[in-house]
Amino acid sequence: MDTSNRYGDFRSSEPASQPVSGSGQEVIESSQMILKIVKYPDPILQQPGEPITEFNDELRQLVADMFETTYASSGVGLAAQQVGVAKRVTVIDLSLGKDPAQRLVLVNPEIIFREGKQYEEEGCLSFPEIREKISRAAKVRIRAQDEYGKWFEMDGEELLARAFQHEIDHLDGIVFLFRMSALKRNLNLRKIRKMQSEGAW
Ligand code: NI
């Protein structure tokens, strides 16, 4: 299955690969933890994140753990709210951990430009089994800080643009369920309640 025209901090059908250590770049020898992913309707998912003001080791450990958690779930992105932390930090890696150059850390990100429309399927690690087409801008430019506090701007289109919008929504306390039409939202809420009653959520 081609994931290139899909977005999600979703489970992909491809197995997650472990990040390679000792491959050229300086590798920080710290232990990374797989964190528990919070599922809807945990209220933290609808809580806007606090801006990050301290760029310290604690933040960088959170970022490392969030990447580890994303890879363990075969996801391509994760927002802090999804691991129970209401702060404005998200990680994205469209390569599912295969290409270190694609690891993106967005701290205090904002969308400063958007253009066009796209309508593609998304998933979310906080909504296992739920996939739905969501209307998004086709291209966006974001401004964000990295885990050391350095500001940068970056353009994204297609899948990357969807990732930016999906994850920044999380930081604003908006889950993709609320980007769906009322009809689709209600269908998916019913599906979630059914899974909950079966102990599958
Ligand atoms: Ni999500």
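The coordinates are above.
If you're wondering where the values come from, they're calculated on a predicted model, not measured in any experiment.

1. Some details on the sheet that holds strand S4 (residues 104–115)
The sheet built from five strands is open, its strands ordered S2-S3-S4-S7-S8 with antiparallel pairing. Two strands close off the open sheet at either side, each with one partner strand: strand S2 (77–79) and strand S8 (151–157). For this sheet, the mean angle separating the axes of adjacent strands, direction not counted, is 35°. Where S4 and strand S7 (residues 139–145) come together, six bridges link them in antiparallel fashion. Counted as the bridge partner of Ile111 is Ile142 from S7. Here helix H1 (residues 57–72) sits on the sheet in contact with S2, strand S3 (89–92) and S4, set at roughly 45° to S3.

2. Brief notes about the pairing of S3
Looking along a regular strand, one sees the side chains alternate between the two faces of the sheet. In S3, alternate side chains face the same way, and those of Val89 and Val91 on one face and Thr90 and Ile92 on the other are all buried. As defined by bridge partners, S2 adjoins S3 across three bridges and the pair is classed as antiparallel. Directly across from Gly77, in S3, lies its bridge partner Ile92. Looking at chain direction, S3 and S4 are connected through four bridges and run antiparallel. Paired with Val89 across the strands is Val107, a residue of S4.

Rules of the game
Residues numbered from 1 in each chain as written. Predicted model: local features only at pLDDT ≥ 70, side-chain atom pairs only at ≥ 80, totals over all residues. Pairing = 2+ DSSP bridges. Helix = DSSP H or I, 4+ residues; strand = E, 2+ residues; numbered from the N terminus. Axes fitted to C-alpha atoms, helices over the stretch in contact; angles between N-to-C directions. Contact = placed C-beta atoms within 7 Å. Buried ≥ 20, exposed ≤ 12 C-beta atoms within 10 Å, placed from the backbone.

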